[in-house]
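Below are the chains, spelled out letter by letter.
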Amino acid sequence: MADADSDSIAVIGAGIGGLAVALALARAGRAVTVYEQAARLGELGAGITLSPNAVRVLDWLGLADGIRAAGFVPDRQWTQHWQTGDVLRESFRGSDFAARHGGAGYYHIHRADLHALLCAGLAAAGGGLALGKALIDVTADGELTFADDSRATAAIVIGADGLKSVVRGRLFSPLPPHFTGQVAWRGIVPVAALPAAVQALPPGIHVGPQRLFMRYPVRGGTLINFAAFVELAGWEAEDWSIPSTIPELLSHFASWDPAVTAIIAATPPASLFKWALHAREPLEGWIKGRVVLLGDAAHAMLPFMGQGAATALEDAAILARCLVAFSPEMALQRYEALRRERTTLVQTQSRLLGMQLQGRDPASLGRGDLQNEERLGLFDYDAVAMPILPANSPQLQDQCHSD
Ligand SMILES: Cc1cc2nc3c(=O)[nH]c(=O)nc-3n(C[C@H](O)[C@H](O)[C@H](O)COP(=O)(O)OP(=O)(O)OC[C@H]3O[C@@H](n4cnc5c(N)ncnc54)[C@H](O)[C@@H]3O)c2cc1C
């Protein structure tokens, strides 16, 4: 027996992308329910960077004040030599940067804080959130089956169920995500536990052959979030919460700048996790009948540009705008046409940047043309204001309801 209205929109997955598209639709007055496998939305012990292209979407969703209150603005960011700590590049992300991007700045934020803002916004806008609903099957007609034997139907199903997407697996491609040859660690360290010289460092990354160590503050600068990446074969477990140990992580960074080893050594053991990084090849299409993919489910990428959540937020804005403006079939087609090329570019460039950052000659990063997210112009993308109608298309104009 279906437990959802057949006119409704179902979103599978309460990650950043799923919550954002649901919030946008709820704010537009659409009946939307998010189905999330987790029984509760717990503490996500990691940080995330929000670049201007992500911030524009969050502002549009009514979260501007919350993001600015919970976020940390890194006035300066450094790229440092792995062993000497020499500064190879310096980037500025303060008020001039924000002014250059129309007021949409650059923030580091705790993931739990971002999730809390999105969830509160969704509840206030009247959107539904059903927890403990693990999707096990979906049809192109919008019929959903969950692990607890319940069912639902929806006019539109948005598969925002992340890297290991069941929606993708059932309807689009049975191929699992592939191991990228990288193992990652994440941890959160109280700033007060670090030596004064390390506390004084601006946020940034240390780059070295086959390794990268990234750090930045969250929660008003009281905690340092870090992620460490190591090219490593032979271990491919992809759960995001596998405990690690400080000696294990130190063994991969033994001869690195003491600032790096000090951060690792100060990590509370219970907040250190590791996982093997997996990614997806671009799909040929994102639509099957009433079902469409969004975020990591559509285009999971390596994290070296910090654009996975940003592109999920861009997807959310464009898809919601299309669903409000066009008939359902046309909305899905316009969304895919507007998003696939960009996300394929970001997927490809993230992999290339990772290879460049972990190359054998880190000092070259200070000299050469690094094709990073800023140089590629990724920050300028405006998912909120860009036209969604194709130019010169009177036929399509007829199908446009409003935007
Ligand atoms: C180390 C690291 C650092 C990163 N840093 C950044 C960064 O700084 N900036 C940035 O923009 N991006 C970053 N990313 C990428 C970013 O985290 C992801 O791209 C983003 O979270 C994807 O969001 P999503 O909503 O598509 O998927 P997810 O966040 O994976 O959410 C999917 C949701 O679906 C649920 N789900 C899964 N299966 C089912 C099912 N069968 N039924 C119901 N629910 C289900 C899951 O429980 C989850 O809640 C980073 C990634 C990594 C690994």
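Owing to the predicted nature of the structure, the values given are computational and were not obtained by experimental measurement.

Here we come to the overall build of the chain. Each helix and strand in the chain was counted, giving 13 helices and 19 strands. Radius of gyration (C-alpha) of the chain: 21 Å, near the 22 Å computed for a compact globule of 403 residues. Counting only C-alpha atoms and orienting by the principal axes, one finds that the chain spans roughly 60 × 45 × 35 Å. Of all 403 residues assigned to the chain, the portion counted as buried reaches 54%. For the chain, the proportion of contacts with a sequence separation of at least 24, taken over those separated by at least 6, is 76%. Accessible surface, the chain: about 16600 Å² in total, of which carbon and sulfur atoms supply 53%. For the chain, the separation between the mean place of its 32 positive charges and that of its 40 negative charges on side chains is 3 Å.

In this section: the sheet that holds strand 5 (residues 87-92). The strand order 5-4-13-14-15-12-17-16 describes an open sheet built from 8 strands, whose pairing is mixed. One side of each edge strand has no neighbouring strand; the edge strands of this open sheet are strand 5 and strand 16 (242-243). Bridge count between strand 13 (residues 204-208) and strand 14 (residues 211-218): 5 bridges; the pairing is antiparallel. Looking at strand 14, one finds that Val 207 is bridged to Leu 212.

Across all of its chains, the model carries 12 salt bridges by this definition. Here Arg 68 ties to Asp 59 by a salt bridge, and the two come within 2.9 Å at their closest N and O atoms. Here the residues in one salt-bridge network are Glu 314, Asp 315, Arg 339 and Arg 342, joined through shared partners.

Moving on, we come to the site of the ligand. Of all residues adjacent to the ligand, which total 31 residues, the nearest are Gly 17, Glu 36, Thr 49, Arg 111 and Asp 296. At 2.9 Å from an oxygen atom of the ligand is found a main-chain nitrogen or oxygen belonging to Gly 17. A total of 1000 Å² of accessible area belongs to the ligand in isolation, and the protein chains cover 85% of it. The set of elements that each furnish at least two residues to the shell around the ligand consists of helix 1 (16-27), strand 3 (47-50) and helix 11 (308-325). Across the shell around the ligand, the residue classes break down as 15 nonpolar, 11 polar and 5 charged. Each of domain 1 (9-76 + 93-176 + 280-399) and domain 2 (178-279) accounts for three or more of the residues forming the shell around the ligand.

Time to look at unusual backbone geometry. If a residue is not glycine, its phi is most likely negative; likewise, a peptide bond is most likely trans. Notably, Gln 210 is not glycine yet its phi reads approximately 60 degrees, a positive angle. Secondary-structure assignment places Gln 210 in the loop between strand 13 and strand 14. Look at Gln 210 and you get partly exposed, because its relative accessible area is 29%. Positive phi values are uncommon outside glycine, yet Arg 219 reaches one of about 50 degrees. Here Arg 219 shows up in the loop between strand 14 and strand 15 (223-231).

Evaluation of the coordinates by the stated rule reveals 10 aromatic pairs. Considering the side-chain rings of Phe 97 and Tyr 106, the 5.8 Å spacing of their centres and the 90 degrees angle between planes classify their relative orientation as edge-to-face. Owing to a relative accessible area of 1%, Phe 97 belongs among the buried residues under this scheme. In textbook terms, an aromatic cluster arises when at least three aromatic residues are bridged by ring pairs, as seen for Trp 82, Phe 213, Phe 226, Phe 253 and Trp 256.

A few words on the sheet that holds strand 9 (residues 143-146). The 3 strands are arranged 8-9-10 in an open sheet whose pairing can be described as antiparallel. In this open sheet, the two edge strands, each paired with only one partner strand, are strand 8 (135-138) and strand 10 (151-153). Going across the sheet, the axis of each strand differs from the next one's by a mean of 25 degrees, ignoring polarity. When strand 9 meets strand 10, the two strands line up antiparallel, connected through 3 bridges. Considered in strand 10, the bridge of Thr 145 is made with Arg 151.

Relative to each other, helix 1 and helix 5 (residues 111-124) sit at 25 degrees, their axes nearing to 9 Å. The orientation of helix 1 with respect to helix 5, classified from their angle, is roughly parallel. Once helix 1 is placed against helix 5, the crossing between them reads as left-handed. For the pair helix 1 and helix 5, contact is made by Ile 16, Leu 19, Ala 20, Ala 22, Leu 23 and Ala 26 and by Arg 111, Leu 114, His 115, Leu 118, Cys 119, Gly 121 and Leu 122, respectively. In terms of residue class, the contact of helix 1 with helix 5 is made up of 10 nonpolar, 2 polar and 1 charged.

To continue, consider the domain arrangement of the chain. Parsing the chain into structural domains produces domain 1 (9-76 + 93-176 + 280-399) and domain 2 (178-279). Domain 1 and domain 2 are separated by 25 Å when their C-alpha centres are compared. Between domain 1 and domain 2 the total buried area reaches about 2400 Å² when both faces are included, carbon and sulfur atoms providing 61% of it. On the surface where domain 1 and domain 2 come into contact, there are 4 residue pairs in polar contact (both at pLDDT 80 or more). Secondary-structure elements contributing two or more residues to the side of domain 1 that touches domain 2 are strand 3, strand 6 (107-110) and helix 5. Here the residues of the side of domain 1 that touches domain 2 are counted per class, giving 15 nonpolar, 7 polar and 8 charged.

Cut-offs applied
- Residues numbered from 1 in each chain as written.
- Predicted model: local features only at pLDDT ≥ 70, side-chain atom pairs only at ≥ 80, totals over all residues.
- Heavy atoms only, no water.
- Helix = DSSP H or I, 4+ residues; strand = E, 2+ residues; numbered from the N terminus.
- Rg over C-alpha atoms; globule rule 2.2 N^0.38 Å.
- Buried < 20%, exposed > 50% of the residue type's maximum accessible area, 1.4 Å probe, protein only.
- Contact = heavy atoms within 4.5 Å.
- Areas by Shrake-Rupley, 256 points an atom, 1.4 Å probe, with all protein chains shown as cover.
- Lys, Arg positive; Asp, Glu negative; His and termini not counted.
- Charge placed at Lys NZ, Arg CZ, Asp CG, Glu CD.
- Pairing = 2+ DSSP bridges.
- Salt bridge = Lys/Arg side-chain N within 4 Å of Asp/Glu carboxyl O.
- Near = heavy atom within 4 Å.
- Polar contact = N/O pair within 3.5 Å; in protein donor to acceptor, adjacent residues only side chain to side chain.
- Nonpolar A, V, L, I, M, F, W, Y, C, P; charged D, E, K, R; others polar.
- Domains from an automatic or database assignment.
- Phe/Tyr/Trp six-rings, centres within 6.5 Å; stacked < 30°, edge-to-face > 60°.
- Axes fitted to C-alpha atoms, helices over the stretch in contact; angles between N-to-C directions.
- Parallel < 35°, antiparallel > 145°, perpendicular 65-115°, else oblique.
- Left-handed = near helix turned anticlockwise from the far one by under 90°.
- Buried area = accessible area lost by both parts, 1.4 Å probe.

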